[in-house]
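Read off the chains here:
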Amino acid sequence: MALLEVRDLVVEFTLGDGRIARVVDGVDLDLDAGEALGLVGESGCGKTTTALAIARLLPANGRIARGTVRLDGQDLTALDDAAFRDRRWTDISVIFQGAMNALNPVRRVGDQVAEPILIHEPTTTREAARRRVAELFELVGISPDRLREYPHQFSGGMRQRVMIAMALACRPRLVIGDEPTTALDVMVQAQILELLERLRRELGLALILITHDLSVVAETCDRTLVMYAGRLAETGPVERLHGGPLHPYSLRLLRSVPDLSGERRLPAGIPGQPPSPESPVSGCRFHPRCDRAMAQCVTDVPVVRSFGEAHRVACHAVGEEGRLRPPGELPRIPSALAIAAASTSGVEVAVDADVLPVSADDLGVPPGDPREPPADRPVGVAGPPMPPVPPSVAPVRTTTDASAPTTDDLPRVDA
Ligand SMILES: Nc1ncnc2c1ncn2[C@@H]1O[C@H](COP(=O)(O)OP(=O)(O)OP(=O)(O)O)[C@@H](O)[C@H]1O
Ligand code: SF4
Ligand SMILES: [Mg+2]
């Protein structure tokens, strides 16, 4: 049995005007003890929300609307708040990004790291907790002499080490790192990631690493899970997914990374933006940006199918034999459907001159409807076949969503 088993996780936020935004939609995830899973996807695709739901740290307007989160077979969503508080930090802990915001500026760092120990292990004396904190500081590479200092006396990288020490304080079996190295310079990033990797090996921790950096996932994780617009796009062993992804979105993500070893060329990027959860796109949510989109992609949500051990993909263009069919082999999307897709997602749909226009009439779009295609502009999903995925990948970073929850929204240490 997997250590962590997430099934059909659905998370919804109630917006200011009372509308409901479904931000995570039916995500499945498995993690074995000692295993590392890299959770990737563009900004706003629901990575942090998935992590917060697993750790039951969703903001007040968020809720798990459906699904189960099992740790060692026990459904954590069924526990009441008090029962779950006993499991947080001891079973699951989270390393948040932005250590300065997560640490209390007016309390000594040693006291802050000791706090979860004293709360969750009431029989531990202050002196024993202090000794454990000193050990933890050594483990993460901070001199125990600095226990009595305040956060402002530490550099950004040191503060992040303090956060890691705090996450490990109650010896959890699962640690979730939500972009633990964002805002740190590359040297410190490398040190922190090495530290996490070492701790995982030495302590047998299971790790979910949320990052925009695919090269970090390739180097430090066993498996990758790619999310798009709140849904699982593809998941599989790192070598499989990074060496030969099947989902067009995974392919484009990997092609967005500069290839330092191969031919010099600009990274391809992915045109357009992911849809907002407030106005979701029908069918496959990637279809307005996908160079393989077919009519079926506009109407039908692709189911997640398995292709070999632990490799799962949700895409209509992947054949039963486990091959992503190239655009030339696929029926092209009718133009007015593409326009309808663009009008619902706000994404520019690329123009492909060799696509025959389909009239709005053919598709039952009434005259004057904003979705009616302009007469002089045949529209389809453009894009030549993509070159092979580079063998090595280097950092890729996208913007951080300012509206995403910050550590200010979260309790520092939950009693
Ligand atoms: N408290 C909230 N209320 C309403 N919507 C929210 C809330 N928190 C997050 N969202 C929305 O949920 C979506 C997913 O956000 P989330 O922070 O999980 O994305 P993310 O993948 O972690 O992005 P990033 O890479 O930028 O951190 C976004 O559209 C975000 O605006
Ligand atoms: S081919 Fe269709 S189902 Fe597959 S990613 Fe593109 S739009 Fe989605
Ligand atoms: Mg996030």
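Residues numbered from 1 in each chain as written. Chains lettered and ligands numbered in written order. Predicted model: local features only at pLDDT ≥ 70, side-chain atom pairs only at ≥ 80, totals over all residues.

(A) Up close: the overall build of the chain. In terms of regular secondary structure, the chain is built from twelve helices and twelve strands. For the chain, the residues scored as buried account for 44% of the 415 residues in total. Within the chain, contacts between residues at least 6 apart in sequence are counted, and of these 68% link residues at least 24 apart. (Helix = DSSP H or I, 4+ residues; strand = E, 2+ residues; numbered from the N terminus. Buried ≥ 20, exposed ≤ 12 C-beta atoms within 10 Å, placed from the backbone. Contact = placed C-beta atoms within 7 Å.)

(B) Structural detail: the nonpolar core. Val-113, Ala-165, Ile-176 and Ile-208 are the most contacted members of the largest nonpolar core, which totals 94 residues. Here Ala-165 is in contact with Val-113, Leu-136, Phe-137 and Val-140, once residues within four sequence places are set aside. (Core = buried A, V, L, I, M, F, W, Y, C linked by C-beta atoms within 7 Å.)

(C) Local environment of the packing of helix H4 (residues 109–120) against helix H5 (residues 126–139). Relative orientation of the contacting elements H4 and H5 amounts to 120°, with a least axis distance of 9 Å. In terms of orientation, H4 lies oblique with respect to H5. The way H4 lies across H5 gives a crossing that is right-handed. Each of Gly-110, Val-113, Ala-114, Ile-117 and Leu-118 in H4 lies in contact with H5, whose residues at this interface are Ala-129, Arg-130, Arg-132, Val-133 and Leu-136. Residue classes in the contact of H4 with H5 are distributed as seven nonpolar, one polar and two charged. (Axes fitted to C-alpha atoms, helices over the stretch in contact; angles between N-to-C directions. Parallel < 35°, antiparallel > 145°, perpendicular 65-115°, else oblique. Left-handed = near helix turned anticlockwise from the far one by under 90°. Nonpolar A, V, L, I, M, F, W, Y, C, P; charged D, E, K, R; others polar.)

(D) Spotlight on the site of ligand 2. Taken together, the neighbourhood of ligand 2 is formed by 15 residues, with Cys-284, Cys-290, Cys-297, Cys-315 and Ala-317 sitting nearest. Counted by class, the shell around ligand 2 contains eleven nonpolar, three polar and one charged residues. (Near = placed C-beta within 6 Å.)

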